[in-house]
Amino acid sequence: MSPWAVLAAAMTAGSAISIIGFVYPTLTPYLRDDLGLSLTAVGLLNTFIYLGTMLGALPAGWLTDHFGSRRVLILAALTAAGLTVLVPLVAHAQALFLALLVLVGLVVACSTPAGSQAVAQAFPPEQRGLVIGLRQMAVPLGGALASGLLVPLAEFLGWRWASVAAGAIAVLAAWATSRLYRENSRPASHPPTGRSGLRRVLRERNIVLAAVAGVTLPTGQFIMITYLILFLRERFGIPEVQGAALLTAANLAGALSRVWWSWLSDRLGGRRKPLLLGIVGLAALCALLLSALPMGTPLWLKAGVVVLYGATALGWQGLHFSLLTELSPPGLEGRVVGLGLVFTSLGIACAPPLFGLAVERSGDYTLGWQLLAGVFALGLTLLALVRERRVPSDG
């Protein structure tokens, strides 16, 4: 079948599953008003979701390596749809609500290993950066859809109906994926199973360094998703719907930029590391700019900084997962990407509540953005130690 159909299926399922992961953090102003959550508790929404993702990442990689990307993507989308109906029904009991967010995270964990493996196996190496970047575009695209469609829906009908709408999108995505994607038969040779495969991955120094650097990379993205609307409202008095429009613009900038960065890395001979270092450095600079914006900053300038922040703090993912995939031993791509997802999920789980705690303790967002810039600097240091492998072309 056409590799572009595989890419379309991976993006469709990935976007829908991404919406499920973003819907509750994106709707934090409504959740906060309804459930009386503090800023630190708001950050814990992401923590519980990505605790589930961290726990599910390696099993998701194993399932992908052994049962195929198509099955994993379709079943994950359908399971996510069921959870988005269940969550609003039981959200009156906060403890059960948070436990269900862990289950949401377990499902979200399936998208990246399955989608990355699907497109990596469907396309030749000289196109791999671009297509994995396109596949990873599903993540900010899901965030943009969550803020652009579900926030206005929550404004008029409440966050519970917005959650159900996210589930309806996931059902449609599962159907579309089943129609678009016909997986080739599995090869006769099988990858190492169980612990032997994981041990082989953990012996690779460069894989471990790149994976551990993943703790720092998603922090800016999920702090933005969780706090940007609140930050704009509380510091500048920008209404929620206008703040959601800026968040949507930042997510779209991230979606487009990760394709651009990935395409450019293909043009530079398949080298991912130099561009990854550059955009993480720019993201740190944007975090410092957000910390320094004064009260009287014009809206166009605030919008420009937010969009640039989106294009950099959200632009890392395609390059990072391309790097991990290309460092992987053959047949273990799912587990290598799953290992990277363990560490990115750890960063996602920890960053929003720590950011919220820093803001609450200091009484201002300045310290939070400055600490984020320091986290990006740590990521730069770890990535600088990775020795990138040359990717051979098929030509």
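Procedures and definitions
Residues numbered from 1 in each chain as written. Predicted model: local features only at pLDDT ≥ 70, side-chain atom pairs only at ≥ 80, totals over all residues. Heavy atoms only, no water. Salt bridge = Lys/Arg side-chain N within 4 Å of Asp/Glu carboxyl O. Helix = DSSP H or I, 4+ residues; strand = E, 2+ residues; numbered from the N terminus. Buried < 20%, exposed > 50% of the residue type's maximum accessible area, 1.4 Å probe, protein only. Axes fitted to C-alpha atoms, helices over the stretch in contact; angles between N-to-C directions. Parallel < 35°, antiparallel > 145°, perpendicular 65-115°, else oblique. Contact = heavy atoms within 4.5 Å. Patch = residues over 30% accessible without salt bridge, like charges linked within 9 Å, V, L, I, M, F, W, Y side chains within 5 Å. Areas by Shrake-Rupley, 256 points an atom, 1.4 Å probe, with all protein chains shown as cover.

J.: For this particular structure, what's the right way to read the pattern of salt bridges?
T.: Oppositely charged side chains are able to pair whenever their charged atoms sit close together. Considering all chains together, one arrives at 5 salt bridges under this definition. Where Asp364 meets Arg235, a salt bridge forms, and the shortest distance between an N and an O atom there is 3.0 Å. Within this pair, whereas Asp364 is found in the loop between helix H17 (333-362) and helix H18 (366-384), its partner Arg235 is found in helix H12 (residues 219-236), the two being separated by 129 residues in sequence. One salt bridge in this structure joins Arg272 and Asp266, with 2.8 Å as the shortest N-O distance. Residue classification places Asp266 among the buried residues on the basis of a relative accessible area of 10%. Salt bridges linked by common partners bring Arg233, Glu234 and Glu240 together as one network.

J.: What is the right way to look at the packing of helix H13 (residues 240-267) against helix H16 (residues 317-327) in this model?
T.: In a packed pair of helices, the relevant descriptors are the angle between the two axes and the axis-to-axis distance. Where H13 contacts H16, the axes come no closer than 8 Å and their chain directions differ by 45°. Regarding the angle of H13 to H16, the classification is oblique. On H16, the residues touching Arg258, Trp261, Ser262 and Ser265 of H13 are Gln317, Gly318 and Leu319.

J.: Please clarify how a nonpolar patch on the surface should be interpreted in this entry.
T.: On the surface, Leu51, Leu55, Leu103 and Leu106 cluster together into a nonpolar patch covering about 310 Å² of accessible area. Mapped by element, the contributors of at least two residues to the nonpolar patch are helix H3 (39-67) and helix H5 (94-108). Tracing the backbone shows Leu106 in helix H5. Leu106 sits in the partly exposed class, given a relative accessible area of 33%.

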